[in-house]
Amino acid sequence: MDSVDSMNRLSGFKNGLISEGRRIEDIEMIVSEMSIAGSYQSVMEHSGFFMKKRCVYVYNDMIASGMLMAFKDFCISRFPNKFK
């Protein structure tokens, strides 16, 4: 992540986890290009990682779109039906 905005968003996410008693040390991060194609590729390259996670934080809707397309193509079905 190279922008101040992305660092602020990640910081807010981490602060929210801390306020709920979660451990920051348990966060695993995968960084992708800021594009639909980049996020799609990151999911495909780390598909095993996503098979066992319960939460995914993404920077914006564009990144989420690429991830959801990859989840669908990789048959990861643990996300809400409205996104299928």
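Just above, that's the structure.
Described below are features of the structure shown in this document. Just so it is clear, the structure is predicted and the values come from calculations on it, not from any experiment.

Structural notes on the pattern of salt bridges
Applying the stated criterion across every chain yields a total of 1 salt bridge. We note a salt bridge from Asp 5 to Arg 9, for which the minimum N-O separation is 3.3 Å. With Asp 5 and Arg 9 both in helix 1 (residues 4-19) and 4 residues apart, this pair spans about one turn of that helix. The class for Asp 5 is partly exposed, based on a relative accessible area of 36%. With relative accessibility at 37%, the residue Arg 9 sits in the partly exposed group.

Some words on the layout of surface pockets
In this approach the atoms are scanned with a rolling probe the size of a water molecule, which exposes any empty space left behind. Considered as a void within the structure, the largest pocket measures approximately 970 Å³ in volume. Lining the largest pocket are 32 residues; nearest its centre among them are Phe 13, Glu 28, Cys 55, Val 56 and Tyr 57. Of all elements in the fold, only helix 1, helix 2 (36-45), helix 3 (47-51) and helix 4 (61-73) reach the threshold of two or more residues within the lining of the largest pocket. Ranked by the residues each element gives to the lining of the largest pocket, the list is headed by helix 1, at 4 residues. Tallied by class, residues from the lining of the largest pocket come to 19 nonpolar, 5 polar and 8 charged.

Quick word on helix 1
For helix 1, built from 16 residues, the straight-helix expectation of 22 Å at 1.5 Å per residue is met to within 8% by its first-to-last C-alpha distance of 22 Å. Where helix 1 ends, the next residue or the one after it, Gly 21, has phi of about 85 degrees, a positive value.

Let's talk about the nonpolar core
If you look at soluble globular proteins, the nonpolar side chains tend to sit buried side by side. In terms of nonpolar packing, the biggest core is built from 8 residues, these being Val 43, Phe 49, Phe 50, Tyr 59, Ile 63, Met 67, Ala 70 and Phe 71. Counting only elements with at least two residues in this core, the list comes to helix 3 and helix 4. With 4 residues, the single largest contributor to this core is helix 4. Excluding anything up to four places from it in sequence, Tyr 59 contacts Ser 3, Asp 5, Ser 6, Arg 9 and Met 34.

Reading guide: rules and limits
Residues numbered from 1 in each chain as written. Predicted model: local features only at pLDDT ≥ 70, side-chain atom pairs only at ≥ 80, totals over all residues. Heavy atoms only, no water. Salt bridge = Lys/Arg side-chain N within 4 Å of Asp/Glu carboxyl O. Helix = DSSP H or I, 4+ residues; strand = E, 2+ residues; numbered from the N terminus. Buried < 20%, exposed > 50% of the residue type's maximum accessible area, 1.4 Å probe, protein only. 1 Å grid on protein atoms, 1.4 Å probe; cavity = no way out; pocket = protein on both sides within 12 Å on 5 of 7 lines; lining within 4 Å. Points joined across faces, edges and corners; volume = space filled by probe spheres on them. Nonpolar A, V, L, I, M, F, W, Y, C, P; charged D, E, K, R; others polar. Expected span 1.5 Å × (residues − 1). Core = buried A, V, L, I, M, F, W, Y, C linked by side-chain atoms within 4.5 Å. Contact = heavy atoms within 4.5 Å.

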